[in-house]
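Examination of the molecular architecture
Residue-level listing of the chains:
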2 protein chains.
Amino acid sequence: MNFIDFLDPKAIAVIGASRDPNKVGSVILKNLRITFKGDIFPVNPFADEIQDLRVYKSILDIKDKVDMAIISVPADGVLKVLKDCERRKIKIAVIITAGFKEIGEDGAKKEAEIRKFLDKAKIRVIGPNCLGLINTNPFFNATFIDPNSKMLKGDAGFISQSGALLSAIVDDASMNNIGFSKIISIGNATDIDEADLVTALKHDSNTRILAIYLEGISNGKKFMDSLADFSESKPVLVLKGGKFATTSTAVSSHTGSLAGDYKAYELAFKKSGAISVDRIESLFNFMRDASKLKITSNEIIIVTNAGGAGVVTTDHIASAGLKMAKLSDKLTQNLIDLLPKEASVHNPIDILGDATPDRYRETLEMLVNQNKPIILLFSPQEMSMPLETAKEVFEIHKKHPDSMILSVFLGGSRVEKARNFLLERDMPIYDYPEEAVGLLEGMYFYHTHKMQTYSAYKKDKTKVKKQKLTKNIFGLDAKKLFDTLGIRSAKGLPVNRQADLAKTAEKIGFPCVLKVNSGDMPHKSKFGGVTVGIKDQDSLNRAFYSMESRLSAENKGKIHYELYEDVNKISEQKVEVLLGAHRDPQFGPMIAVGLGGVLANQISEVNFMLSPISDGDIADFIDSKVGRVLSSATDEITFQELIRYLIKLDKFMTTNTDIKDIDLNPIELFKDTMVATDFKIFV
Amino acid sequence: MNFIDFLDPKAIAVIGASRDPNKVGSVILKNLRITFKGDIFPVNPFADEIQDLRVYKSILDIKDKVDMAIISVPADGVLKVLKDCERRKIKIAVIITAGFKEIGEDGAKKEAEIRKFLDKAKIRVIGPNCLGLINTNPFFNATFIDPNSKMLKGDAGFISQSGALLSAIVDDASMNNIGFSKIISIGNATDIDEADLVTALKHDSNTRILAIYLEGISNGKKFMDSLADFSESKPVLVLKGGKFATTSTAVSSHTGSLAGDYKAYELAFKKSGAISVDRIESLFNFMRDASKLKITSNEIIIVTNAGGAGVVTTDHIASAGLKMAKLSDKLTQNLIDLLPKEASVHNPIDILGDATPDRYRETLEMLVNQNKPIILLFSPQEMSMPLETAKEVFEIHKKHPDSMILSVFLGGSRVEKARNFLLERDMPIYDYPEEAVGLLEGMYFYHTHKMQTYSAYKKDKTKVKKQKLTKNIFGLDAKKLFDTLGIRSAKGLPVNRQADLAKTAEKIGFPCVLKVNSGDMPHKSKFGGVTVGIKDQDSLNRAFYSMESRLSAENKGKIHYELYEDVNKISEQKVEVLLGAHRDPQFGPMIAVGLGGVLANQISEVNFMLSPISDGDIADFIDSKVGRVLSSATDEITFQELIRYLIKLDKFMTTNTDIKDIDLNPIELFKDTMVATDFKIFV
């Protein structure tokens, strides 16, 4: 169902309307009265009239059709009110009331009851514990945000899990000319969650861009899919708060701890084409400017009257991964003909401190048809005319509506009018170059991010059987499972007693490796549970005796011995690879490939991919540092096989949902083959 | 000499004063007349009176004492004027005139002539090609920056290589309450350079903090020393423009290319205790707020009425390497008693959306005596009172002048008055939390940066002899030099002809390694010039034959063969270490230590230290990723020896200034020893 239509009500009931002007229920009613053109029905059992409106004792008393209910009764009364609303066939309710799961156990119980009712009910709910929502087309303000703030109609949607950021942006919007389509506070998201809202706004023709602030996510996969769907047609930006909070589930083992808390989010946003930012300022700037620009090039032109500002901006462009545009010889010659001889006609184009508005205009005229973003830098100098320069920029933009000019007016009181002139005319304008570059970076990523295709994934024919796994398994037990996937690994056999050693060694051959296997000792080598490079029967006997005398006494019956071929005999030229997987609680399997062995714990050169692995993920891996190291260490056939292993692991994790982590570390990668030598599965 | 006194003239001559009000020479005169209390003497051979002042035909005509000359005559006339100034015993001249080395060869010639005259002259020069300077105590504006901008007396010094940034900050200052001590535009720095000015401002008691914008540096070592000297008593911040410009000299070989262009700057700033920033905004904010705060703790407290803003700020604190302060049980209990039960008393302290000014005050009162920086976050919500809250913050600060409160008022028109209230009262105030965290990060670094001590360096008794080096040397020739330093390396001998093979092998022993040595082939293994693990005479003969037949024909007489012991026989448990050095054209030797071997090219886990290596550098290395990997791979004695090798290389580079790069890659690091196996010196 698409409840974007629900957000266009003809009649709204305010349940919990209050006579006390300081109460939320009163402020919302007041805000609606100022902004809403449809019918408003206050509900309050203890009042007859509020703000000159007739008050109903109960929603059931209203005879007219009601489309939406705003609920701000005390938490204990919410469920009863919801039931009444459903009886009145109201399709959507916004529960402002707080005091649910955010306050602890008591509240969580109340919220669970509501959740249970909603499972079978036909009414949908935003909240509880939210600020409400604002729609600008048709206009209504169903929040308790101060209505003094001028609210502009525009094309930015904003979904926020933080009510305070929401009220801050609304206040900021009034000064900074930000126009909104819809602003929605999602609160506890007990029914309608962030993904539902993203999907709804995808279908809202008034919303051309979307910004999201969130901390927790109800369902990672669903959210990711909604973002991917949205970003196919419109840009979406996410600021995720709480990046560094260590969650107890996230860091269960090796591969997981390499990833870090935020890794899965980062991958998910990138995979779904969502622009991800760290700064509140960037979130606000995106809402203001993103819909004004269609950035399809990462080659930037800088025009400046301030050499230093040009240099610093060039640095930011480089560190953002963007490029400085190379100008054609013809264009360069035209610039030489136009500009004073002291000017620098190489990008950044320095038109000098005495640049007049005319010089700015003539330079821009030469550049706008290059189809490249232009950062215009202005510093107030002796001969400078800020406002007149701003006017020229605006004229150029009117003549060339597809031009992408981002203006930066450095300074203070002298440039204030120029800034405001451009701001009021919906031109992107900044106080400093850094945020302009940030917007270009984000928008370029959006317009060029790889669409997700899965031909490699589909081509892989690995059959994965679902395994019953109730405890961690290591060594040969784990190896068996990887064998079924077709992953090449070192030959290995169990050694039940010392008497079997010779017979087993004969089958394995020398040199060989003796290892213990115990569910309690994932890190064998630390405990002296691994002896490598055993060259003959004698050494093997001694190694076994030594290990047993050290370990068996304390671990009676809990440990087993295993004998493996020593793959170092293949060649000394090798690279140790780590293959692994980690199940993110929100986004599912993450597959890891990196440099392995003893260094992996400290040097985390590891690439992660979120399941399902796309062709774009593979291309990114091949192009990465790790990919380049590994492909240069082996032949093409083996490297391609390694890539297929990633997909196999992905499918294995996807089928076996009990598994939390997998470590294949190291896989020894040789010039013309590779062999997995150690095997761990954690549930 | 300390020319800070020069910047306090009693009489100033303006040479090149102009009647045309649009000319620089007129604007400077006008600015001086408005601001300067001493005598002003305009000089212009073609005028009798300008701006009601008597004009002198030449500086020589002035009978009174003149302390400073501001020169804005055409470039061709500057030298003559300078000579006249010297005759008049003027101690300092500021050359505004452009048209010198910045415009190419012609100008460079003129500048060289001036430079040559200055070498023997007693007059000192700021510029040419600069904006001039402003002193606020005693006040005078000897620039052509628009005097409309209100100029505030304060304690921030600003040295800028960009005139435009300088005029931007002066304009910004008028809106943002930034007070300056001195503002100096250094231009081409043909005489007085950035280091001289840093040293001068160190002795200026009106300057309590210093900000520097620069692109090029005249003398890296001198600049670094001046920064180190300055930062011993006062904070200094540097924004370096042109970080990513690839200089042709910088990237000469392996170790150098690992470093990247900006690495040496980064190390130099860190070593000298200078705060380094990337954003123009951070530069401006530092000038405004740095002197207001003495930040001695990296444990931050957040007080917020906006949960989401608290979460995002916590993220920024984590990624800046700062910490969230842990509150004591007693303090926590006090907060519980004070705040509503829905409040969060754990840092970030969320005092809820309905926080009154009183609640802010009472919470702050509990926290100010913790001696920790407090970020106060405010979002305008329904019940919020921005201005009253700001007033409470100011009252708290008055009562506790040592408190470190940085206020962030999110929003727009509703919080504008509150922001301005705090701004006008010199309280640190920000629109967004990111810049507040940035300032805390920088100031914490400044107050805690390790003072440079050199006990390890001094204790090392290595005698380094200066070598005559005219070409690159590799292999045994290079090894000999490292032997003199006492660096342990693999045994090796030259093999002159095949007939000598057996005799040489007897001395080296098996297994051994056969290598070619040629000045043209630094990367031997790529050309098949290395065979490792040779087990017996037979294999050695074959290896030699194979190598010779492949390589000798084309390289007649140019290559030699060398036989080394194969140190892999010591143990298979080893880590490959890269030791190296690179001479930065500005800052001198940089010593590198990292993970070596085949991966070093791609995985640049390498630590760099700028010469001379300090105890702090060593402590940082031991604490780094690389340091932890290496110290866990070997015993303490060997690890300490490795550290001494760094100092040996440093001394070797310092003495042998012809050497550009050194690669000792790999040094094989074993459990209880280490051995260098490959040797390269580039000149």
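Residues numbered from 1 in each chain as written. Chains lettered and ligands numbered in written order. Predicted model: local features only at pLDDT ≥ 70, side-chain atom pairs only at ≥ 80, totals over all residues. Heavy atoms only, no water.

Considering the overall build of chain A
A count of helical and extended segments in chain A gives 22 helices and 31 strands. The burial tally for chain A puts 60% of its 683 residues in the buried class. Looking at chain A alone, contacts between residues at least 24 apart form 70% of all its contacts between residues at least 6 apart. Per element, the accessible surface of chain A, about 27700 Å² overall, is 50% carbon and sulfur. (Helix = DSSP H or I, 4+ residues; strand = E, 2+ residues; numbered from the N terminus. Buried < 20%, exposed > 50% of the residue type's maximum accessible area, 1.4 Å probe, protein only. Contact = heavy atoms within 4.5 Å. Areas by Shrake-Rupley, 256 points an atom, 1.4 Å probe, with all protein chains shown as cover.)

Observations regarding the interface of chain B and chain A
Contacts between the two partners involve 68 residues from chain B, matched on the other side by 68 residues from chain A. Summed over both partners, the interface of chain B with chain A buries about 5600 Å², with 61% contributed by carbon and sulfur atoms. In this structure, the connection of chain B to chain A is made through two salt bridges. Remark: the boundary between chain B and chain A carries 18 residue pairs in polar contact (both at pLDDT 80 or more). (Buried area = accessible area lost by both parts, 1.4 Å probe. Salt bridge = Lys/Arg side-chain N within 4 Å of Asp/Glu carboxyl O. Polar contact = N/O pair within 3.5 Å; in protein donor to acceptor, adjacent residues only side chain to side chain.)

Here's the deal with the relation of the copies chain B and chain A
When chain B is fitted to chain A, the best match, at an RMSD of 0.2 Å, comes from turning it 180° and sliding it 0.1 Å along the axis. As the rotation angle and translation indicate, the two copies are arranged about a two-fold axis. A symmetric contact is evident, with 100% of the interface residues of chain B recurring at the interface of chain A. (Least-squares fit on C-alpha atoms with pLDDT ≥ 70 in both.)

So, helix α8 (residues 263–271) of chain B
When α8(B) is considered as a whole, its buried residues turn out to be Ala264(B), Tyr265(B), Leu267(B), Ala268(B), Phe269(B) and Lys271(B). Gly273(B) lies just past α8(B) and shows a positive phi near 75°.

Digging into the nonpolar core
Grouped together as the largest cluster of nonpolar side chains are 223 residues, with contacts concentrated most on Phe158(A), Ile212(A), Met287(A), Phe158(B), Ile212(B) and Met287(B). Leave out the neighbours within four places in its chain, and Met287(B) touches Ala156(B), Phe158(B), Ile169(B), Ile178(B), Phe180(B), Ile209(B) and Ala211(B). (Core = buried A, V, L, I, M, F, W, Y, C linked by side-chain atoms within 4.5 Å.)

Topic: the side chain of Ser614(B)
Among the secondary structure elements, Ser614(B) is positioned in the loop between β28 (606–610) and α20 (615–623). With residues near it in sequence (within four places) discarded, Ser614(B) still touches Lys271(B), Gln452(B), Thr453(B) and Tyr454(B).

As for the sheet that holds strand β25 (residues 560–565) of chain A
Through backbone hydrogen bonds, the strands of a sheet pair up, either in parallel or in antiparallel fashion. All names here are of chain A. The strand order across the open sheet built from four strands is β22-β25-β23-β24, with neighbouring strands paired in antiparallel fashion. In the strand order of this sheet, the two ends are held by β22 (492–495) and β24 (530–534), each with one partner. Across the sheet, the axes of successive neighbouring strands diverge by a mean angle of 25°, strand direction being ignored. The sheet contact formed by strand β23 (residues 512–517) and β25 spans six bridges and is antiparallel. Bridged to cysteine 512 within β25 is glutamate 565. Relative to β22, helix α18 (residues 501–508) is tilted by about 180°, and along the sheet it contacts β22, β23 and β25. (Pairing = 2+ DSSP bridges. Axes fitted to C-alpha atoms, helices over the stretch in contact; angles between N-to-C directions.)

Notes on the packing of helix α20 (residues 615–623) of chain A against helix α21 (residues 625–633) of chain A
Residue and element names in this part refer to chain A. Interhelical geometry of α20 versus α21 gives an angle of 70° and a closest axis separation of 4 Å. In terms of their interaxial angle, α20 and α21 are classed as roughly perpendicular. Side by side, α20 and α21 meet where Phe621, Ile622 and Asp623 of the first sit next to Lys625, Val626, Gly627, Arg628 and Leu630 of the second. Residue classes in the contact of α20 with α21 are distributed as four nonpolar, one polar and three charged. (Parallel < 35°, antiparallel > 145°, perpendicular 65-115°, else oblique. Nonpolar A, V, L, I, M, F, W, Y, C, P; charged D, E, K, R; others polar.)

Thoughts on the sheet that holds strand β5 (residues 68–71) of chain B
Residues and elements named next belong to chain B. In spatial order, the strands read β2-β1-β5-β6-β7; together these five strands make up an open sheet with parallel pairing. Each edge of the sheet is formed by a strand with only one pairing partner; in this case those strands are β2 (39–43) and β7 (124–126). With strand direction ignored, the average angle separating the axes of adjacent strands in the sheet is 20°. Where strand β6 (residues 92–95) lies against β7, three bridges are found, and the strand directions are parallel. Residue pairing across strands places alanine 93 opposite valine 125, the latter belonging to β7.

Details of the environment of Gly107(A)
Residue and element names in this part refer to chain A. Position of glycine 107 among the secondary structure elements: in helix α3 (residues 105–120). Judged by relative accessible area, which is 0%, glycine 107 ranks as buried. For glycine 107 and alanine 75, which are 32 residues apart along the polypeptide, the C-alpha to C-alpha distance reads 8.3 Å. Apart from residues lying up to four places away in sequence, glycine 107 is in contact with Gly99, Phe100 and Lys101.

Let's talk about the environment of Thr657(A)
When you line up the elements, Thr657(A) lands in the loop between α22 (636–655) and β29 (661–669). Sequence separation between Thr657(A) and Gln51(A) is 606 residues; the distance between their C-alpha atoms is 57 Å.

With respect to the packing of aromatic side chains
Inspection of the entire model under this criterion finds 31 aromatic pairs over all chains. Taking 5.7 Å as the distance between ring centres and 70° as the angle between the ring planes, the aromatic pair formed by Phe41(A) and Tyr56(A) counts as edge-to-face. With a gap of 15 residues between them, Phe41(A) in strand β2 (residues 39–43) and Tyr56(A) in the loop between β4 (53–54) and β5 (68–71) connect regions that are remote in the sequence. Accessibility classification places Phe41(A) together with Tyr56(A) in one group, the buried group. Seen from their ring centres, Tyr432(A) and Phe284(B) are 5.7 Å apart, and the 80° between their planes marks the pair as edge-to-face. Of this pair, Tyr432(A) sits in the loop between β20 (429–430) and α15 (433–448) while Phe284(B) sits in helix α9 (residues 280–289), on two different chains. The pair Tyr432(A) / Phe284(B) is uniform in exposure class, with both members buried. Grouping aromatic residues by their ring pairs yields a cluster made of Phe223(B), Tyr262(B), Tyr265(B), Phe269(B) and Phe587(B). (Phe/Tyr/Trp six-rings, centres within 6.5 Å; stacked < 30°, edge-to-face > 60°.)

What about the pattern of salt bridges?
Using the criterion set out here, one finds 88 salt bridges over all chains in the structure. The shortest N-O distance in the salt bridge between Lys202(B) and Asp229(B) comes to 3.5 Å. Here the residue Lys202(B) occupies a position in helix α5 (residues 194–202), and Asp229(B) occupies one in helix α6 (residues 220–231), the gap between them amounting to 27 residues. A relative accessible area of 30% means that Asp229(B) is categorised as partly exposed. A salt bridge links Asp678(B) to Lys515(B); the nearest nitrogen and oxygen atoms lie 2.8 Å apart. Of the two residues, Asp678(B) sits in the loop between β30 (674–676) and β31 (680–682) while Lys515(B) sits in strand β23 (residues 512–517), which places them 163 residues apart along the sequence. The buried category is assigned to Lys515(B), whose relative accessible area is 8%. Each of the salt bridges in this network shares a partner with another, and the network as a whole consists of Arg115(A), Asp119(A), Arg124(A), Asp191(A), Asp193(A), Asp196(A) and Lys222(A).

Considering the pairing of strand β1 (residues 11–15) of chain B
A regular strand carries its side chains on alternate faces of the sheet. All names here are of chain B. With five of five residues buried, β1 is to be regarded as a mostly interior element. With burial as the criterion, each face of β1 is covered, one bearing Ala11, Ala13 and Ile15 and the other bearing Ile12 and Val14. One ladder, built from five bridges, connects β1 with β2; its direction is parallel. What sits directly across from alanine 13, in β2, is phenylalanine 41. Assessed by its sense of winding, the connection that carries the chain from β1 through helix α1 (residues 24–35) to β2 is right-handed. (Right-handed = clockwise from strand over helix to strand, strands pointing away.)

Section: the pairing of β25(A)
All names here are of chain A. The buried fraction of β25 is high, at five of six residues. Sheet topology note: the β22/β25 ladder contains four bridges and is antiparallel. Among the inter-strand pairings, glycine 492 is bridged to a residue of β25, identified as tyrosine 564.

Regarding the state of the cysteines
Residue and element names in this part refer to chain A. In total, this model carries zero disulfides over all chains according to the counting rule given. This cysteine, cysteine 85, is not joined by any disulfide, and cysteine 130 carries the nearest cysteine sulfur, 14 Å off. Among the residues examined, cysteine 85 registers a relative accessible area of 0% and is labelled buried. (Disulfide = S-S within 2.5 Å.)

Concerning helix α11 (residues 329–338) of chain B
Residues and elements named next belong to chain B. Taken residue by residue, α11 has Leu331, Thr332 and Leu335 as its buried positions. Summarising the axial view, the buried residues of α11 lie within an arc of 100°, below the 170-degree limit, and thus occupy one face. In α11, the exposed positions that point more than 90 degrees away from the buried face belong to Asp329, Lys330 and Asp337. Buried-residue contacts for α11 involve β17 (349–350) and α12 (357–367). (Arc of directions from axis to C-beta.)

Describing the confidence of the model for chain A
Reading fine detail from the predicted coordinates is not recommended where pLDDT is low. On average, residues of chain A score 89 in pLDDT, and 93% of them reach the 70 mark or higher. With pLDDT under 50 throughout, residues 246–256 of chain A is counted as low confidence; its partners more than four residues away or in other chains account for 28 contacts. (pLDDT = per-residue confidence, 0-100.)

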